[in-house]
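Each chain, written out:
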Amino acid sequence: MEFRERVFEAVRAIPVGRVATYGDIAKFIGCPGGARAVGNALHTNTSPEITPCHRVVSISGRLAPNYAFGGTNAQAKRLRAEGVEVWCGKVDLNRFRAELTG
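All figures in this text were calculated on a predicted structure; none of them were measured in a lab.

## Thoughts on helix 3 (residues 35-42)
- Every buried residue of helix 3 is listed here: V38, G39, A41 and L42. Within helix 3, the buried residues cover an arc of 160 degrees as seen down the axis, which keeps them to one side.
- Packed against the buried residues of helix 3 are helix 1 (3-12), helix 2 (22-28) and strand 2 (56-57).

## Some thoughts on helix 1
- Residues of helix 1 that are buried include every one of V7, F8, A10 and V11, and no others. Down the axis of helix 1, the buried set is contained in an arc of 160 degrees. They therefore lie on one face.

## With respect to unusual backbone geometry
- At C88, a position not held by glycine, the phi torsion is positive, near 55 degrees.
- Mapped onto the elements of the fold, C88 is located in the loop between strand 3 (86-87) and strand 4 (90-91).
- Residue classification places C88 among the exposed residues on the basis of a relative accessible area of 67%.

## With respect to the nonpolar core
- By size, the foremost hydrophobic cluster in this structure holds 19 residues, and its most contacted members are V7, V11, I14, I25, V38, L42 and L100.
- Among the secondary structure elements, those contributing two or more residues to this core are helix 1, helix 2 and helix 3.
- In terms of residues, this core owes the most to one element, helix 1, which gives four residues.
- When sequence neighbours within four positions are dropped, the list of residues in contact with V11 reads I25, L42, T51, P52, C53 and V56.
- Membership of the second largest hydrophobic core comes to 10 residues, among which are V19, V57, L63 and V86.

## Notes on the environment of R12
- Following the sequence through the fold, R12 ends up in helix 1.
- Taking the C-alpha atoms as reference points, R12 and R55, 43 residues apart in sequence, are found 9.3 Å from one another.

## Remarks on the side chain of R55
- Among the secondary structure elements, R55 is positioned in the loop between helix 3 and strand 2.
- Accessibility expressed as a relative area gives 8% for R55, which makes it buried.

## Some thoughts on the pattern of salt bridges
- This structure, assessed with the given rule, holds four salt bridges.
- Of the charged contacts in the structure, one is a salt bridge between E5 and R4, with a shortest N-O distance of 3.2 Å.
- R4 gets classed as partly exposed once you look at its relative accessible area, which sits at 28%.

## Description of the packing of helix 1 against helix 3
- Put simply, helix 1 and helix 3 touch, their axes get as near as 9 Å, and they point 85 degrees apart. Taken as axis vectors, helix 1 and helix 3 run roughly perpendicular relative to one another. Packed against helix 1, whose contacting residues are F3, R4, V7, F8 and V11, the element helix 3 presents A37, V38, A41 and L42 at the interface.
- Its residues assigned to classes, the contact of helix 1 with helix 3 shows eight nonpolar, no polar and one charged.

Scoring rules and cut-offs
- Residues numbered from 1 in each chain as written.
- Predicted model: local features only at pLDDT ≥ 70, side-chain atom pairs only at ≥ 80, totals over all residues.
- Heavy atoms only, no water.
- Buried < 20%, exposed > 50% of the residue type's maximum accessible area, 1.4 Å probe, protein only.
- Helix = DSSP H or I, 4+ residues; strand = E, 2+ residues; numbered from the N terminus.
- Arc of directions from axis to C-beta.
- Contact = heavy atoms within 4.5 Å.
- Core = buried A, V, L, I, M, F, W, Y, C linked by side-chain atoms within 4.5 Å.
- Salt bridge = Lys/Arg side-chain N within 4 Å of Asp/Glu carboxyl O.
- Axes fitted to C-alpha atoms, helices over the stretch in contact; angles between N-to-C directions.
- Parallel < 35°, antiparallel > 145°, perpendicular 65-115°, else oblique.
- Nonpolar A, V, L, I, M, F, W, Y, C, P; charged D, E, K, R; others polar.

This is the structure:
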């Protein structure tokens, strides 16, 4: 399976109401240190309803400034609709970070 598909599969494993960091995804798919590559792959996502890339945030919990489906405000809106609290463009990773397993 190619890198992009492994990223998308991992993102689909993030439960509703939870988030993961780009680094979490990279580590989960066996590419520690590949956070930037994960972000690049997510920019090619054409089906956000299937691959919920809005659930991926930076290591500090910051939302994506260039979120491909409407910018930071759209990402925040999608997360809030799932029960994730967003404050000043950030998510509290201690409360909302997903445990990726599998």
